[in-house]
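Read off the chains here:
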Amino acid sequence: MRVKVDTERCISCGLCEEMLPEVFKVEEKGASVLLPLIEEEDRKAVVWGLLEDCPGEALTVEGEEPRIIPFYVARPERR
Ligand code: SF4
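Read on for an overview of the structure. Since the model is a prediction, treat every value here as computed from it, not as a measurement. (Residues numbered from 1 in each chain as written. Predicted model: local features only at pLDDT ≥ 70, side-chain atom pairs only at ≥ 80, totals over all residues.)

**Quick look at the overall build of the protein**
What the protein contains, in helices and strands, is three helices and four strands. Residue burial in the protein is summarised as follows: out of 79 residues, 22% are buried. A fraction of 51% describes how many contacts in the protein between residues 6 or more apart in sequence connect residues 24 or more apart. (Helix = DSSP H or I, 4+ residues; strand = E, 2+ residues; numbered from the N terminus. Buried ≥ 20, exposed ≤ 12 C-beta atoms within 10 Å, placed from the backbone. Contact = placed C-beta atoms within 7 Å.)

**Structural notes on the environment of R67**
As for its placement among the helices and strands, R67 is situated in the loop between β4 (59-62) and α3 (71-74). Residue R67 is classed as partly exposed on the basis of its 13 C-beta neighbours within 10 Å. Separated by 22 residues in the primary sequence, R67 and A45 place their C-alpha atoms 8.7 Å from one another.

**Digging into the nonpolar core**
In this structure, C16, L50 and L59 are the most contacted members of the largest nonpolar core, which totals 16 residues. Contributions of two or more residues to this core are made by β1 (2-5), α1 (15-19) and α2 (41-53). Of the residues forming this core, the biggest block, three residues, is contributed by α2. Not counting the four nearest positions on each side in its chain, L59 is found in contact with V3, V5, C16, L50, L51 and C54. (Core = buried A, V, L, I, M, F, W, Y, C linked by C-beta atoms within 7 Å.)

**A word on the pairing of strand β2 (residues 24-27)**
Along a regular strand, successive side chains alternate from one face of the sheet to the other. Relative to strand β3 (residues 30-33), β2 is paired through four bridges, and the arrangement is antiparallel. In the sheet register, K25 faces β3, and the bridge partner there is S32. (Pairing = 2+ DSSP bridges.)

**What about the site of the ligand?**
Neighbouring the ligand are 15 residues; C10, C13, C16, C54 and G56 lie closest to it. In the shell around the ligand, the residues fall into twelve nonpolar, three polar and no charged. (Near = placed C-beta within 6 Å. Nonpolar A, V, L, I, M, F, W, Y, C, P; charged D, E, K, R; others polar.)

**Things to note about the environment of G30**
Positionally, G30 belongs in strand β3. Overall, the presence of 16 C-beta atoms within 10 Å leaves G30 in the partly exposed class. When the C-alpha positions of G30 and V5 are compared, they lie 8.5 Å apart, and in sequence the two are 25 residues distant. Contact partners of G30, with chain neighbours within four places excluded, come to V5, T7, C10 and S12.

If you want it as structure tokens, here you go:
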């Protein structure tokens, strides 16, 4: 899975960095992806959740069929 952020759409809310700080870094001008290529299934699950919940609808992924996984499934400890 390769993750991308559309910085034109990103509103710098910080949600992606809060959920996956090893992957996303958020600054005033928008989020950047520190680790674009993600192999681990638990990280993938969180990214699928972010696709649904990113308020800017700024995230896209390449390399896998789209799946929507709510956060409470991907990271139950964050409920
Ligand atoms: S969750 Fe979406 S809008 Fe918020 S900082 Fe991340 S990419 Fe930007």
